[in-house]
Amino acid sequence: MRFSRRTRLASVAMVAVGSLTLAACGGGSNDGNGGGADGDAIITVYGTNPQNPLIPTATNEVGGGDPLNNLFAGLVSYNTDGSIENEVAESIEGNEDSTVWTVKIKDWKFTDGTDVTAESFVRAWNYGANAENKQLNNYFFYPIKGTDDIGNTIKGADEISGLKVIDDKTFEITLKKPESDFPLRLGYSAYFPVPDVAFGDDGKITKEYGEKPIGNGPYMLTDSGWERNKQIAMEPNPDYEGNKKPQNGGLVFKFYAGGGADAAYQDVVSDNLDVLDQVPPSAVTTFEDDDAVQAFNEPGSSFASVTIPESLPGFSGEEGKLRRAAISRAINRAEVTEKIYNNIRTPASDFTSPVLDGWTEDVPGNEVLEYDEAEAKSLWAEANAIAPWSGKFEVAYNNDGAGNKEFVEAITNQIKNALDIDAAPKAYPTFDELRKEVTDRSIGTAFRTGWQADYPSMLNYLGPLYGTGAGSNDGDYSNKEFDRLVTEAASEQGDERYELITEAQSILFEDLPAIPLWYSNATAVTSTDLEGFEFNWQMKPEYYKLTK
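Conventions and cut-offs
Note that residues are indexed from 1 along each chain, following the sequence as it is written. Reporting of local features is limited, given that this is a predicted model, to residues whose pLDDT is at least 70; pairs of side-chain atoms are given and counted only at 80 or more, and all residues count toward the totals for whole chains, interfaces and linings. Hydrogens and water molecules were not included; the side-chain quantities draw on all heavy atoms of the structure. The rule for pairing is simple: two strands pair if DSSP sees at least two bridges between them. Runs of E in the DSSP output that reach at least two residues are strands. Runs of H or I that reach at least four are helices, and both are numbered from the N terminus. Orient the strands so they point away from the viewer; a crossover is then right-handed if the path from the first strand over the helix to the second runs clockwise. What counts as an axis is a line fitted to C-alpha atoms, over the stretch in contact for a helix, and the angles between N-to-C directions run from 0 to 180 degrees. Should an angle lie under 35 degrees it is considered roughly parallel, over 145 roughly antiparallel, and from 65 to 115 roughly perpendicular; all remaining angles are considered oblique. Handedness of a helix crossing follows the sense of rotation of the near helix relative to the far helix, less than a right angle counterclockwise being left-handed and clockwise being right-handed. Contacts: residue pairs with any heavy atoms within 4.5 Å of one another. Throughout, exposure labels follow a simple rule: accessible area from a 1.4 Å probe, protein chains only, divided by the maximum for the residue type, with under 20% read as buried, over 50% as exposed, and the rest as partly exposed. Definition used in this section: a nonpolar core is a set of buried Ala, Val, Leu, Ile, Met, Phe, Trp, Tyr and Cys residues joined via side-chain atoms within 4.5 Å. How far a helix is expected to stretch is found by multiplying one less than its residue total by 1.5 Å.

- The protein chain is annotated in an unreviewed UniProt entry as ABC transporter substrate-binding protein of Nocardioides malaquae.

**Regarding the pairing of strand β16 (residues 423-428)**
Thought 1: Where strand β15 (residues 393-398) and β16 come together, 6 bridges link them in parallel fashion. The residue bridging Ala396 from the neighbouring strand is Lys426, located in β16.
Thought 2: In this fold, the crossover linking β15 to β16 by way of helix α8 (residues 404-419) has right-handed handedness.

**A word on the packing of helix α5 (residues 317-330) against helix α7 (residues 373-386)**
Thought 1: Contact geometry for α5 and α7: axes closest at 8 Å, N-to-C directions at 160°. Classified by the interaxial angle, the pair formed by α5 and α7 is roughly antiparallel. For the pair α5 and α7, the crossing hand works out as left-handed. For the pair α5 and α7, contact is made by Glu318, Glu319, Leu322, Arg323, Ala325, Ala326, Ile327, Arg329 and Ala330 and by Glu373, Glu375, Ala376, Leu379, Trp380, Glu382, Ala383, Asn384 and Ile386, respectively.

**Details of the pairing of strand β8 (residues 170-174)**
Thought 1: Of all 5 residues making up β8, 4 are buried, and the element is well covered by its neighbours.
Thought 2: Pairing geometry for strand β6 (residues 100-105) and β8, over 5 bridges, is antiparallel. Paired with Lys104 across the strands is Thr170, a residue of β8.
Thought 3: Relative to β8, strand β7 (residues 163-167) is paired through 4 bridges, and the arrangement is antiparallel. Looking across to β8, one finds that Lys164 is bridged to Glu172.

**With respect to the nonpolar core**
Thought 1: Ranked by internal contacts, the top residues of the largest apolar core, which has 156 residues, are Leu75, Trp125, Phe171, Ile173, Ile327 and Phe393.
Thought 2: For this core, the element with the most residues is strand β18 (residues 514-526), which contributes 8 residues.
Thought 3: Setting aside its immediate chain neighbours within four residues, Trp125 contacts Leu75, Phe141, Ile144, Ile160, Leu163, Phe171, Ile173, Leu186, Ala190, Tyr191 and Phe192.
Thought 4: One finds Ala396, Val438, Ile443 and Phe447 within the second-largest nonpolar core, a separate group that totals 6 residues.

**Some details on helix α12 (residues 494-511)**
Thought 1: Look at α12: 26 Å from first C-alpha to last across 18 residues, which is about the 26 Å you get at 1.5 Å a residue.
Thought 2: Listed in full, the buried residues belonging to α12 are Arg497, Tyr498, Leu500, Ile501, Thr502, Ala504, Gln505, Ser506, Ile507, Leu508, Phe509 and Asp511.
Thought 3: For α12, the secondary structure elements touched by its buried residues are α5, α10 (463-466), α11 (480-490) and β18.
Thought 4: Leu512, located one to two residues past α12, shows a positive phi value of around 50°.

In structure tokens, the structure reads:
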């Protein structure tokens, strides 16, 4: 495998059963500019217009996730290598079987001056878990006892029974089953606290708050804040004393709808953009030799796929399984990753990422990822014997993402030639326009999907995407045996956990709720005067470290 270097994530420590009391770092003086030697520099970075208002429990995509991760701080934060430290939490302690976790928080404030309390977390989590609120990150609360009842029209619970506020600084989390690594996920945005001002008289988080959220993190929005289809601007939070103290004077996430990453690359060359964290195909063969930029290229944790919902005609039941397998066999991943991406992508062997601890390429059933035109034709013919194919097979993509147009054109051409069907790309100008139709289930085609991990665990690539009812389960896949295996894996450690994950993935290879394509290297270009650039375990820049 090309990923011979297991990278930083192999050293991520698993949370021990019993208790977790992590040392926090941070502190020091703050001069209002972020405290760094070059604290007055405003750093411009590439972004995409968020799909939804910036509400932690409603955001599960990069366009909104990157800003949220800088505007909020969670109970824990992730270091560059994916290990965790306490952030807002003073301590997180579990009982003997890891079913009850007691959280104590530090003195901390939101940027409007109000206190972050235990209730700030519990109220936000109750809101996110309530099915009536239709929050995309609802799935992340499923492990907590009582989440099956909240918002249920029959049981009618208003709050999660497994969440209990002890006092202003302490709350208790009771899980449905033992989960020894539960604290590992508590740095993900779904678990961020929300201030009281976010809620309207009806108890729901207001759209106005989502347009200009008040957080508790290293940055806060400027007066201009989020200008739709243009940018999101933020400045250092002068009261922040956590683990990611800004070393610059602020961040501006700039959006590129028409030209996408190609236009952004030219802006880096001409010093109109400081950071582009995804190199477009037009530059993959030249960016590392381009004197006009600083180039970065290393193994990463991002996973790319195509999702074909069962609701599409011809893709349900056994017929659908055969057609998905045929399409997978018709895709020549090695050719695409070489000719379009110059081998800064690696053909997938599974549904997770090779940089994660416990990863293996030996997953039963993954031969369906091997290019075989004859087998593809045979599988398609079997499906046609069940019901003849008619119509057009389309794969939707957003044109503002690096390489999306090129790879979708390539794979649909391969599918067309191998299966002798009408196959073509379908372009959407922006990510949020594509995601809106995916989320409201009006898209009517297959579509490109991808995953950037929320926390450093193979399970994060499985449950949130393919678990029954999960918020990022874009194809509405459901398999009870898969759900069972993922749930059991969450309560195990070491080899037992990895064996269950392998079994779960074998089910995915049989059903193919998404067709794995490749793993992405972390690639970026920056302006030549930028300093402090470093990829974290999510393949994202450590924004707070950037200076000029």
